[in-house]
Amino acid sequence: MPPKKKADDGTQGGLTKAARFARVKNDLSIGFVGLPNVGKSTLTNLLAGAMHAEAANFPFCTIDPNFVRVIVPDQKFKYLADTWKSPSIVPASMKVVDIAGLIKGASEGAGLGNAFLSHISAVDGIYHLVRSFESDEVIHVDDSVDPVRDLDTIQGELCLKDLNTLARVVQMERDRVRKEKGLARAVDPPLGETFQNAYEKVKALLESNTPVFTGDEFNLAEVECIKDWQLLTTKPQVYVVNMTQKSFLRKGHKSLPKIQKWVSEHGGGQIIPMSAEFEQKYWDLRDDPEAQKRFIDELTQEVKDMGLSGPQYEVKSVIPRLIRAGRTALCLQSFYTCGPKEVRAWTIQIGTLAPQAAGVIHSDFERGFIKAEVCAFDDFKALHQGQPSMAKIKEAGKYRQEGKTYVMQDGDIVVFMHNTTTAAAKKK
């Protein structure tokens, strides 16, 4: 039996459980994964704000992965840009990948499965997209719509691929131990305690069709061991349910409780119901703000006519929420640099220290780091009195100097002090 799970959203203390297994870099990517014709290319296009991927009603219409840069919605950044009014405004972005549809048997090569699974291996997180809408015009690869079955199919293929990888990893470890100890190939060598424990826990999760990243019982040594195995199910997942516009307006569908139950039984995670149909119609009116407003007003009235009311029934795009959820899953955050020439949001992983954050701007800044002058966004907003300046913040004693051990916080406004000349001289 696999280790027992608590039903949660997959986060602990602001970090996803999958962060334990993440690659340490700031330019992380997240990919749409699902069966053919569930809306992956359409959503990738909508997130990017342009028709980058070919959205066609045909399995495997996306063979090579499509990469797009998505602007991260950020009210803090907008406030700073409006305050400074600098000629250069550079928001944070996130890389999103449209990966071609998987089918049952992909782990064994079905439907170009090996190539598609390698594309999943290249990303750092997964939007797990399932379809709950019926349509005679958009074929389903299994001839019927069943989101829970589709969740089982995709998760099963990922877990089967990881089980195959696990078998190779064990064989390679045995070969390594035999070589190290000079044993014959016929000998079955004992494996190290950490490796063996990690292997047994991972195998139990995978055999129960549960992602490895949801495991609660890994110690630090086991996590380090598992990171080297490059398993697909160590990646964080955000579950996205694509429904009809009508179901989206009602904020309900008969499949949602079943999906929630399935996700809870498979380690937990965030579920985002949305409608590509609604989002596409809204996007198509982007050049006519008045038409967009009429569209929203008409749908709002439709919601009222259903007898539904309250903030939970507000009609609005969930694209910003989807982008933020992906960024949170990847454990990314922003800090800002502000001045008369430019306001820019810089992306770092949660837990990044000040010198490494400086290195995101330029490697010389990290090499010659002296200190960081920091102001929290909330302090700036409360104190600056409309001025594009830190004068009032300094007067209030909220402008801080931080050293090399400072852990960057989301929303920090920073000036890095550095001396690259001295740093370069010391290296000689």
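A. Molecular detail of the overall build of the protein chain. Of the regular secondary structure elements, the protein chain holds 16 helices and 14 strands. In the protein chain, which comprises 428 residues, the proportion classed as buried is 47%. For the protein chain, the accessible surface area stands at approximately 20900 Å², while carbon and sulfur atoms represent 52% of it.

B. Structural detail: the packing of aromatic side chains. As enumerated under the stated definition, the model contains 12 aromatic pairs in all. Between Phe77 and Tyr336 the ring centres are 6.3 Å apart and the planes differ by 35°, which places this aromatic pair in the tilted class. With Phe77 in helix α2 (residues 75-84) and Tyr336 in strand β10 (residues 332-338), the pair connects residues that are 259 residues apart, well separated along the chain. Each member of the pair Phe77 and Tyr336 is classed as buried. Centroid distance Phe278 to Tyr282: 6.0 Å. Interplanar angle 15°. Geometry classified as stacked. Of this pair, Phe278 and Tyr282 both sit in helix α9 (residues 276-284), separated by 4 residues, roughly a single helical turn. Its guanidinium or amino end placed over the ring of Phe248, Lys251 lies 4.4 Å from that ring's centre, counting from NZ or CZ.

C. Fine view of a nonpolar patch on the surface. Together, Ile370, Val415 and Met417 make up an exposed nonpolar region whose accessible area comes to about 230 Å². With respect to the helices, strands and loops of the structure, Ile370 is situated in strand β12 (residues 369-376). Given a relative accessible area of 48%, Ile370 falls into the partly exposed group.

D. Quick look at the pairing of β12. Note that β12 and strand β14 (residues 412-418) share 7 bridges and pair antiparallel. Bridge pairing links Lys371 to Met417 in β14. Pairing geometry for β12 and strand β13 (residues 400-402), over 3 bridges, is antiparallel. Its bridge partner lying in β13, Val374 is registered against Arg400.

E. Expanded view of the sheet that holds strand β6 (residues 93-98). In spatial order, the strands read β4-β6-β3-β7-β8-β9; together these 6 strands make up an open sheet with mixed pairing. For this open sheet the edge positions go to β4 (66-71) and β9 (271-274), each flanked by a neighbour on one side alone. Taking each pair of neighbouring strands and ignoring which way they run, the sheet shows an average axis angle of 25°. Bridge count between strand β7 (residues 125-131) and strand β8 (residues 237-242): 6 bridges; the pairing is parallel.

F. The arrangement of the confidence of the model for the protein chain in detail. Taken as a whole, the protein chain shows an average pLDDT of 84; of its residues, 83% reach a score of 70 or greater. Model confidence for the protein chain, summarised as mean pLDDT per element, is weakest for strand β1 (residues 11-12) at 45 and strongest for helix α14 (residues 377-383) at 97. Note on residues 1-14: pLDDT under 50 across the span, and 31 contacts to partners over four residues away in sequence or across chains. Taken together, the stretch residues 50-64 has pLDDT below 50 and engages in 43 contacts with residues farther than four places along the chain or on a different chain.

Cut-offs and rules
Residues numbered from 1 in each chain as written. Predicted model: local features only at pLDDT ≥ 70, side-chain atom pairs only at ≥ 80, totals over all residues. Heavy atoms only, no water. Helix = DSSP H or I, 4+ residues; strand = E, 2+ residues; numbered from the N terminus. Buried < 20%, exposed > 50% of the residue type's maximum accessible area, 1.4 Å probe, protein only. Areas by Shrake-Rupley, 256 points an atom, 1.4 Å probe, with all protein chains shown as cover. Phe/Tyr/Trp six-rings, centres within 6.5 Å; stacked < 30°, edge-to-face > 60°. Lys NZ or Arg CZ within 6 Å of the ring centre and 35° of its normal. Patch = residues over 30% accessible without salt bridge, like charges linked within 9 Å, V, L, I, M, F, W, Y side chains within 5 Å. Salt bridge = Lys/Arg side-chain N within 4 Å of Asp/Glu carboxyl O. Pairing = 2+ DSSP bridges. Axes fitted to C-alpha atoms, helices over the stretch in contact; angles between N-to-C directions. pLDDT = per-residue confidence, 0-100. Contact = heavy atoms within 4.5 Å.

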